[in-house]
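# Understanding the architecture of this molecule
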Amino acid sequence: MKSTILILSLLTLMSSALQATDINTSEPTRSCCNKNTCAPKAISCATTIQHSGAYCLTKDIVGTILIAASDVSLDLNSHEINAAGNPNSITIKDVNNVKVFNGSVTNSSEAGILIENAVAVALHDLTLQYNPLDGIQLRNIAGLHVENLDFAHGDRALNLNGLKEAHIGQVH
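Small disclaimer: the values here were computed from a predicted structure and weren't measured.

## A look at the overall build of the protein
The helix and strand inventory of the protein stands at one helix and twelve strands. Reading the protein from its N terminus to its C terminus gives the helix and strand order α-β-β-β-β-β-β-β-β-β-β-β-β. Looking at the protein as a whole, 36% of its 172 residues are labelled buried. For the protein, the exposed area adds up to about 9,400 Å²; of that, 53% sits on carbon and sulfur atoms.

This is the structure we're talking about:
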């Protein structure tokens, strides 16, 4: 009887410990954490970002990311977004205050990154390659900041359409 109670107690304790440990892949990883901010939400597949906050890729992904919320920071965490022939690897549309950085954007059929009807967008430390038309396509943007971008194997690095106010630093 005592051993049965002990085993049941241990199973209950283990069950509680497992419930307290979230093994969900949407939890942040330590590699993208900034000790001065809250941990970002992890992204491990193509998705639409619909809420403000910090996000971080946990691995290379195939597909696209749509940023449909303002006040978003997306750390690619040295990973790649491969559009696999979709029009854009990353689309930023109808939003304000978005930052994308630290990774690669490849294999779109149009632009690696499409930014449309947006205010205050920052892109830095990105490699954009094998995007046949444009590395970055801009439509009606106010307040663009780009820094340390590498472009390869595409017709144009930047396609500017309706750009107001921009800072463009190191672009290769």
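## Comments concerning unusual backbone geometry
At Ala84, a position not held by glycine, the phi torsion is positive, near 50°. In this structure, Asn140 takes a positive phi of about 60° despite not being glycine.

## Observations regarding the packing of aromatic side chains
Counted according to the given criterion, the structure contains zero aromatic pairs. The ring of Tyr55 has Lys41 lying over it, and the distance from NZ or CZ to the ring centre is 5.2 Å. A cation over a ring is seen here: Lys99 above Phe101, with NZ or CZ 5.0 Å from the ring centre.

## With respect to the nonpolar core
In this structure, Ile67, Leu74, Ile92, Val100, Ile113, Ile115 and Leu123 are the most contacted members of the largest nonpolar core, which totals 32 residues. Among all residues touching Ile92, those that are not within four sequence positions of it are Ile67, Val98, Val100, Ile113, Leu114, Ile115, Glu116 and Val121.

## Remarks on the pairing of strand S8 (residues 88-93)
The buried fraction of S8 amounts to five of the six residues, a majority that puts the element mostly inside the structure. Bridge analysis of strand S5 (residues 65-67) against S8 gives three bridges, and the strand direction is parallel. Paired with Ile67 across the two strands is Ile92, which belongs to S8. As paired strands, S8 and strand S10 (residues 111-129) are joined by five bridges and run parallel to one another. The residue of S10 that forms the bridge with Asn88 is Ala111.

## Brief notes about the confidence of the model for the protein
When pLDDT is averaged along the protein, the result is 79, and 75% of the positions lie at 70 or above. A low-confidence stretch, residues 1-37 stays under pLDDT 50, and its non-local contacts, those more than four residues away or across chains, total 19 contacts.

## Some thoughts on the environment of Gln129
Following the sequence through the fold, Gln129 ends up in strand S10. A C-alpha to C-alpha distance of 9.4 Å links Gln129 and Ala157, two positions 28 residues apart in sequence. Excluding residues that lie within four positions of it along the chain, Gln129 makes contacts with Val105, Thr106, Asn107 and Ala152.

## Points about the pattern of salt bridges
One pass over the structure, following the stated rule, counts two salt bridges. The residue Glu116 makes a salt bridge to Lys93 at a minimum N-O spacing of 3.8 Å. Here Lys93 lies in strand S8 and Glu116 lies in strand S10, a separation of 23 residues in the sequence. Taking relative accessible area as the criterion, Glu116 reaches 16% and is therefore assigned buried. When its relative accessible area of 36% is taken as the criterion, Lys93 is described as partly exposed. For Arg139, the salt bridge identified is with Glu116, shortest N-O distance 3.6 Å.

Cut-offs and rules
- Residues numbered from 1 in each chain as written.
- Predicted model: local features only at pLDDT ≥ 70, side-chain atom pairs only at ≥ 80, totals over all residues.
- Heavy atoms only, no water.
- Helix = DSSP H or I, 4+ residues; strand = E, 2+ residues; numbered from the N terminus.
- Buried < 20%, exposed > 50% of the residue type's maximum accessible area, 1.4 Å probe, protein only.
- Areas by Shrake-Rupley, 256 points an atom, 1.4 Å probe, with all protein chains shown as cover.
- Phe/Tyr/Trp six-rings, centres within 6.5 Å; stacked < 30°, edge-to-face > 60°.
- Lys NZ or Arg CZ within 6 Å of the ring centre and 35° of its normal.
- Core = buried A, V, L, I, M, F, W, Y, C linked by side-chain atoms within 4.5 Å.
- Contact = heavy atoms within 4.5 Å.
- Pairing = 2+ DSSP bridges.
- pLDDT = per-residue confidence, 0-100.
- Salt bridge = Lys/Arg side-chain N within 4 Å of Asp/Glu carboxyl O.

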